[in-house]
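Working through the structure, step by step
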Amino acid sequence: MLQIKNLHASVEDKEILKGINLEVKAGEVHAIMGPNGAGKSTLSSVIAGNENFEVTEGEIILEGEDLADLAPEERAHKGIFLSFQYPVEIPGVSVTNFMKTAINESRKANGLEDMPANEMLKLIKEKAELLEIDRKFLSRSLNEGFSGGEKKRNEIFQMAMLNPKIAILDETDSGLDIDALRIVSNGVNKLKNENNAVVVITHYQRLLDYIVPDFVHVLHDGKIVKTGGKELALELEEKGYDWLK
Ligand code: ADP
Ligand code: MG
Ligand code: MG
């Protein structure tokens, strides 16, 4: 589904990613771990097409298609979903209306008509029920005054609605409280299936008790220095990262 080959990327002439190779198949969950500053968030930004980073070498291929020339929104329309580390507040635009627009933009980009209103409502209802999101939440202004947990809930709701092929969840260094941890892990577990894939970027071994990865990769200084199964996360919890440097 996603192949990353010898990916190098820089910001302001400083090389951050130094030859990443990663293959993610449909149905798989991958975890990317590693110390602060290793390049984890950079990797997710570069996959999503963030133009602050320059890809100097290598390829990112989604279902056989090289993404090099595609803008972030085109990548999103092809099924790449990236959680936002710092979500913007949009007063006056409800969670529901934002989602309707996002869905219809994506359909338009893929040559489809707007989703009929009744179908849209049905989809919203179905996904909200699946994720135990209450109606009041759906009519609130996007991200305005949202707690950490509510931002996570919104993110997972977006993921459910957009039904991406590959979801990249960068869980940041700032930490997930118990509530957010539960929201993210329940959501991901309900949404993952044989036709999509999830890449979870996390510091926290604990998240991987709930979202069980098929593969764990350790990123250090812009390179994947070790790959293993879910037991690698436990080993990292115990031994830290220093032994891998
Ligand atoms: P991680 O997510 O693993 O903590 P990051 O990808 O955020 O790591 O950062 C990797 C390195 O790239 C760090 O040294 C960081 O300072 C640098 N970096 C990231 N983004 C920028 C940027 N926009 N400008 C300059 N340096 C950056
Ligand atoms: Mg960091
Ligand atoms: Mg980061």
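For the structure, check the block above.
Described in the following lines is the structure provided in the data block. Here the structure is a predicted model, which means the values were calculated and not measured. All chains use their own residue numbering, which begins from 1 and follows the written sequence. Whichever chain is written first is A, and whichever ligand is written first is 1; the rest continue in order. Since the coordinates come from a predicted model, pLDDT governs what is reported: local features require at least 70, and pairs of side-chain atoms require 80 or more to be given and counted, while whole-chain, interface and lining totals use all residues.

Further remarks concern the overall build of the protein chain. To qualify as a helix, a DSSP run of H or I must reach at least 4 residues; to qualify as a strand, a run of E must reach at least 2; elements of each kind are numbered from the N terminus. When its secondary structure is counted, the protein chain shows nine helices and 12 strands. For the protein chain, whose C-alpha radius of gyration is 18 Å, the value lies close to the compact-globule estimate of 18 Å for 245 residues. Overall, the C-alpha framework of the protein chain stretches about 55 × 40 × 35 Å when taken along its three principal axes. Two residues qualify as being in contact provided that their C-beta atoms, derived from the backbone, are within 7 Å of each other. Sequence separation of at least 24 residues holds for 72% of the intrachain contacts in the protein chain that already meet a minimum separation of 6. Every radius of gyration here is taken over C-alpha atoms, with the globule rule written as 2.2 Å times N^0.38, N being the number of residues.

Should DSSP find at least two bridges between two strands, the strands are taken to pair. Reading across the sheet, the four strands line up as 2-1-4-5 and stay open at both edges, with antiparallel pairing between neighbours. Edge positions in the sheet fall to strand 2 (14-24) and strand 5 (65-66), since each of these pairs with one other strand and no more. Across the face of the sheet, helix 1 (residues 40-48) comes into contact with strand 1 (2-11), strand 2 and strand 4 (54-62) while running at roughly 70° to strand 2. Each axis is a line fitted through C-alpha atoms, taken for helices only over the stretch in contact, and angles between the N-to-C directions span 0 to 180 degrees.

Here we come to the site of ligand 1. Nearness rests on one distance test: the residue's C-beta atom, set from the backbone, must lie within 6 Å of the molecule or strand. Every residue near ligand 1 is listed here: Val 11, Glu 12, Ile 16, Gly 34, Asn 36, Gly 37, Ala 38, Gly 39, Lys 40, Ser 41, Thr 42 and Asn 52. For the shell around ligand 1, the leading source of residues is helix 1, giving three residues.

The next thing to look at is the pairing of strand 1. Sheet topology note: the strand 1/strand 2 ladder contains eight bridges and is antiparallel. Each residue of the ladder has a partner; that of Ser 10, found in strand 2, is Glu 15. Count of turn residues in the strand 1/strand 2 antiparallel hairpin: two residues, of which Glu 12 carries a positive phi of about 45°. Both strand 1 and strand 4 contribute to a ladder of seven bridges, which runs antiparallel. Across the sheet, residue His 8 finds its bridge partner in strand 4, namely Glu 57.

Residues enter a nonpolar core if they are buried, belong to Ala, Val, Leu, Ile, Met, Phe, Trp, Tyr or Cys, and are joined to the set through C-beta atoms within 7 Å. Partly exposed residues are those whose C-beta has more than 12 but fewer than 20 other C-beta atoms within 10 Å; with 20 or more the residue is buried, with 12 or fewer it is exposed, and the C-beta atoms are placed from the backbone. Core analysis: the biggest nonpolar cluster contains 56 residues, and Ile 166, Ile 168, Val 199 and Val 200 have the highest contact counts within it. With residues up to four places along the chain from it excluded, the contact list for Val 200 reads Val 29, Ala 31, Leu 169, Glu 171, Leu 207, Ile 211 and Pro 213.

Keep in mind these numbers describe shape, not what the thing actually does.
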